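Here is what each chain is made of, one letter per residue.
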Amino acid sequence: MKIFGKEFARPAWVPRWMSFTLVFSVIMIAGLFFMGPNNFLRVVQLKQEIKNLKQEIKENRDTTAIYEAKTRELNTDRVSLERIAREKYGMKRLNEEVYITDIP
């Protein structure tokens, strides 16, 4: 093997097909694959985070739709508004007596 104009003998444990260029190329590709800001492990981690965030967005949209439906119901239906005011906030009509018990 000739490097920088000098002749070097190949060690017996080095296969004939292996060259400096091949080893250097493999090391560089492995370095780019596993090191640096855009390495493979980081990309996989970021894809998982994106998947989780998309799932969270979907859940939040579903929750928003439920609360918007309840808001529409309260704005349009006086009976349900009165029912909620009586049950949750203990409100009553004038001249009305309300008895609260602990019986479920």
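That block above? That's the structure.
Residues numbered from 1 in each chain as written. Predicted model: local features only at pLDDT ≥ 70, side-chain atom pairs only at ≥ 80, totals over all residues. Heavy atoms only, no water.

**Student:** Quick one: what's the story with the overall build of the protein chain, residue by residue and with numbers?
**Tutor:** Regarding its fold elements, the protein chain presents three helices and two strands. Element order for the protein chain, N to C, with α for helix and β for strand: β-β-α-α-α. Since a compact globule built from 104 residues should have a radius of gyration of about 13 Å, the 36 Å found for the protein chain marks it as more spread out than a globular shape. In terms of its C-alpha atoms, the protein chain occupies a principal-axis envelope of roughly 110 × 30 × 20 Å. Counting over 104 residues, the protein chain shows a buried share of 5%. Of the roughly 10500 Å² of accessible surface on the protein chain, 62% is carried by carbon and sulfur atoms. (Helix = DSSP H or I, 4+ residues; strand = E, 2+ residues; numbered from the N terminus. Rg over C-alpha atoms; globule rule 2.2 N^0.38 Å. Buried < 20%, exposed > 50% of the residue type's maximum accessible area, 1.4 Å probe, protein only. Areas by Shrake-Rupley, 256 points an atom, 1.4 Å probe, with all protein chains shown as cover.)

**Student:** Quick rundown of the packing of aromatic side chains? Include the residues and the values.
**Tutor:** For the coordinates displayed, the defined rule picks out two aromatic pairs. Summarising the aromatic geometry, the rings of F33 and F40 are spaced 4.9 Å apart at their centres and angled 15° between planes, so their arrangement reads as stacked. The class of F33 is partly exposed, set by a relative accessible area of 38%. By relative accessible area, F40 is classed as partly exposed at 40%. Following the ring pairs from residue to residue traces out a cluster consisting of F33, F34 and F40. (Phe/Tyr/Trp six-rings, centres within 6.5 Å; stacked < 30°, edge-to-face > 60°.)

**Student:** Tell me what's going on with the pattern of salt bridges, and back it up with residues and numbers.
**Tutor:** Opposite charge on two side chains makes pairing possible when the charged atoms of those side chains draw close. Within the structure shown, the criterion is met by two salt bridges. Two residues, R86 and E82, come together in a salt bridge whose shortest N-O distance is 3.2 Å. Here R86 and its partner E82 are both found in helix α3 (residues 78-89), four residues apart, which amounts to about one turn of the helix. Judged by relative accessible area, which is 29%, R86 ranks as partly exposed. A residue is classified by how much of its surface remains accessible, and E82, at 32% relative accessible area, is partly exposed. Residue R83 is joined to E87 by a salt bridge in which the shortest nitrogen-to-oxygen separation is 3.8 Å. Placement of the pair is R83 and E87 together in helix α3, with a separation of four residues, close to one helical turn. (Salt bridge = Lys/Arg side-chain N within 4 Å of Asp/Glu carboxyl O.)

**Student:** Report on the side chain of N39, specifying residues and quantitative values.
**Tutor:** Looking at the element boundaries, N39 is found in the loop between α1 (20-34) and α2 (40-76). Note on N39: relative accessible area 15%, which makes it buried. Within the local environment of N39, its side chain forms a polar contact with the backbone nitrogen of R42, the two atoms lying 2.7 Å apart. Those residues in contact with N39, other than ones at most four positions away along the chain, are L32, F33 and F34. (Polar contact = N/O pair within 3.5 Å; in protein donor to acceptor, adjacent residues only side chain to side chain. Contact = heavy atoms within 4.5 Å.)

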